[in-house]
Amino acid sequence: MSRTEISSRDGLNRSRGVATEELRRHNLATVLEHIHLSGPTSRSELAASTGLNRSTIADLIGELGGLGLVEEGPGMAASGPGRPSPVVRTRPQGAAVLAIELSVDSIAVATVGLGGLVYDQFREPRPRGRFSPQETVQDVAKLAEPLLAALPASHVLAGVGAGVTGLTRRSDGFVHLAPNLGWRNVPLGAMLATELGLTGQVDVANEADLGALAEYRRGVGSGVGHLIYISGEAGIGAGIIQDGKPMLGSTGYAGEAGHTLINPGGHKCRCGAVGCWESEAGEAALARHAGIPVTFAGLGVLDTVLTRANAGDRRTLVAISEVGRWLGLGIGNLINVFNPELVVLGGFYHALFPFLEAAVIEGSRLRALDAPGKVARIASSDLGSDAPLIGAAELAFSGVIADPAGAAGHSVRIQPSVEGKSGG
Ligand SMILES: [Zn+2]
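Each value, and the rule that gives it
Residues numbered from 1 in each chain as written. Predicted model: local features only at pLDDT ≥ 70, side-chain atom pairs only at ≥ 80, totals over all residues. Heavy atoms only, no water. Pairing = 2+ DSSP bridges. Helix = DSSP H or I, 4+ residues; strand = E, 2+ residues; numbered from the N terminus. Axes fitted to C-alpha atoms, helices over the stretch in contact; angles between N-to-C directions. Buried < 20%, exposed > 50% of the residue type's maximum accessible area, 1.4 Å probe, protein only. Phe/Tyr/Trp six-rings, centres within 6.5 Å; stacked < 30°, edge-to-face > 60°. Lys NZ or Arg CZ within 6 Å of the ring centre and 35° of its normal. Core = buried A, V, L, I, M, F, W, Y, C linked by side-chain atoms within 4.5 Å. Contact = heavy atoms within 4.5 Å. Donors = N, O, S within 2.8 Å, 3.2 Å for Na, K, Ca; no water. Salt bridge = Lys/Arg side-chain N within 4 Å of Asp/Glu carboxyl O.

The strand order β8-β9-β10 describes an open sheet built from three strands, whose pairing is antiparallel. Across the chains shown, the open sheet's two edge strands, defined by having one partner strand only, are β8 (167–169) and β10 (183–186). Sheet twist, expressed as the average angle between the axes of neighbouring strands with direction ignored, equals 15°. As defined by bridge partners, strand β9 (residues 174–178) adjoins β10 across three bridges and the pair is classed as antiparallel. Bridged to L177 within β10 is R184.

Put into structure tokens, the structure is as follows:
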């Protein structure tokens, strides 16, 4: 055998080894993701839904168990005769995450265990546009600290995810522009990591992208591969899931649908342009049509509109319809471009959905072409105002799910010792 033959065979074996390792990582990720999203599952259900054979499943469950991420236990009693088959479930404390949401009117934090077990969550309303990035990350740390301290002693903090209403670069959590927070060029990911005392990085994403992720993984869009989530806050954002994957653009800025032109003769937008979708269908437009002073900006607009709408106030109902029509026109544009199966309305559109559904559908029919219009359903969010927070948790889980063997057991934060806790 010549030298070249030996070395090429070596190379072949090495690449086979790499391929086998990649396949195993992929299979581990598939099984863990299934249990994380579907809850307790029997081995035979896992085999059926993943297409892997039972001995491979047994092997993978053994490895995930060894990593502290899943455990097996008795299942629910079956309706037929015989003993219930055992089920595999996640060990929530095996990979817990901290989720953060920075919205225009509030900040929220939650601690969530693998499998989606919410240990604790807290939302603090805040007046609009009054807080610097530094004050905000300090407030986040103050809210998060008691939640982190209350996690089970044995937990691993596997990640921290944060959603923010602004143009965000995914790779390092840099916020270029958050007009409704009044922020520009903020290294938010790095600031949060420092303030929270993390050894790992914070995954930061746009809140509409996280709303889309949450609805796709745990909400009204479960398993719907082509989905658009529209968030109505102070502005309008869109999060797009295409073929089961988030569509983020080259750097994470995709989905700024709120600043697409919809009415050249329209109103001035906070971005500086005229006639943006959000200046015609956003909160400011709603206040304008309903005759609510701009000084009400914030929670006041939605609360006032809801109260008046529930009381049957005619002007308010007309205002909601007008906003709904503009919203629908913009959705029709998105339907033509992206051909979604489902458009989910979140943020304040979720709260107003019963009042604006008909106008939204009518508006979207006016714009959408027949064929894509027929397949696109428009629905209200399942998760309501918590969608971006749930999405932030899912984002934080993504590292451990993508590579369970590589990520399990690694905490992104050095935990205070138990002695230290009891002494303080
Ligand atoms: Zn704009």
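We now examine unusual backbone geometry. Non-glycine residue D243 carries a positive phi angle of around 55°. Its place among the elements puts D243 in the loop between β13 (236–242) and β14 (245–246).

Turning to helix α8 (residues 283–290), a few remarks are in order. Given 3.6 residues per helical turn, the α-helix brings residues three or four places apart onto the same face. Within the sequence span of α8, burial applies to E283, A285, L286, A287 and A290. Directly beyond the C-terminal end of α8, a positive phi value near 75° is found at G291.

Before going further, it helps to spend a moment on the packing of aromatic side chains. Taken as a whole and assessed by the stated rule, the structure comprises one aromatic pair. Ring centres of F348 and Y349 lie 4.6 Å apart, and the angle between their planes is 45°; this geometry places the pair in the tilted category. Of the two residues examined, F348 and Y349, each falls in the buried class. Just above the ring of F131 sits the side chain of R126; from NZ or CZ to the centre is 3.7 Å. Directly above the aromatic system of W326 lies the positively charged group of R325, at a separation of 5.4 Å from the ring centroid.

If you look at the biggest cluster of nonpolar residues, it comprises 38 residues, and the most contacted ones within it are I230, W277, L327, I331, L345 and Y349. Looking at this core, the elements that each hand over two or more residues are β12 (227–232), β13, α7 (277–281), α8, α9 (299–310), α10 (314–338), β15 (342–347) and α11 (348–367). Element by element, the count of residues in this core is highest for α10, at nine residues. With near-sequence residues (within four places) excluded, Y349 lies in contact with I230, S231, G232, I236, A281, G282, V323, L327 and L356. A99, A205, A396 and A408 belong to the second-largest nonpolar core, a separate cluster that totals 33 residues.

On to the coordination of the zinc ion, then. For the zinc ion, the protein coordination sphere consists of H259 (ND1), C269 (SG), C271 (SG) and C276 (SG), at 2.0 to 2.3 Å. Written as a sequence motif, the donor residues of the zinc ion are H-x9-C-x1-C-x4-C. Of this pair, H259 sits in the loop between β14 and α7 while C269 sits in the loop between β14 and α7, and the two are ten residues apart along the sequence. When its relative accessible area of 27% is taken as the criterion, H259 is described as partly exposed. Residue classification places C269 among the buried positions, given a relative accessible area of 7%.

Tallied over the entire structure, the rule returns 15 salt bridges. Its salt-bridge partner being R123, residue E101 comes within 2.9 Å of it at the nearest N-O pair. Highlighted residues: E101 in strand β4 (residues 96–102) and R123 in strand β6 (residues 117–125), separated in sequence by 22 residues. Overall, E101 belongs to the buried group, its relative accessible area being 3%. Residue class for R123 comes out partly exposed when judged on its relative accessible area of 29%.

Next up on the list: the pairing of β13. Within β13, six of the seven residues are buried, leaving the element largely enclosed by the surrounding structure. Sheet topology note: the β12/β13 ladder contains six bridges and is antiparallel. Of the residues in β13, the one forming a bridge with I228 is I240. As consecutive antiparallel partners, β12 and β13 are separated by three residues. Strand direction decides the pairing type here: β13 and β14, joined by two bridges, are antiparallel. When the bridges of β14 are listed, Q242 appears paired with K245. From the end of β13 to the start of β14, which pair antiparallel, there are two residues, and D243 there has a positive phi angle of about 55°.

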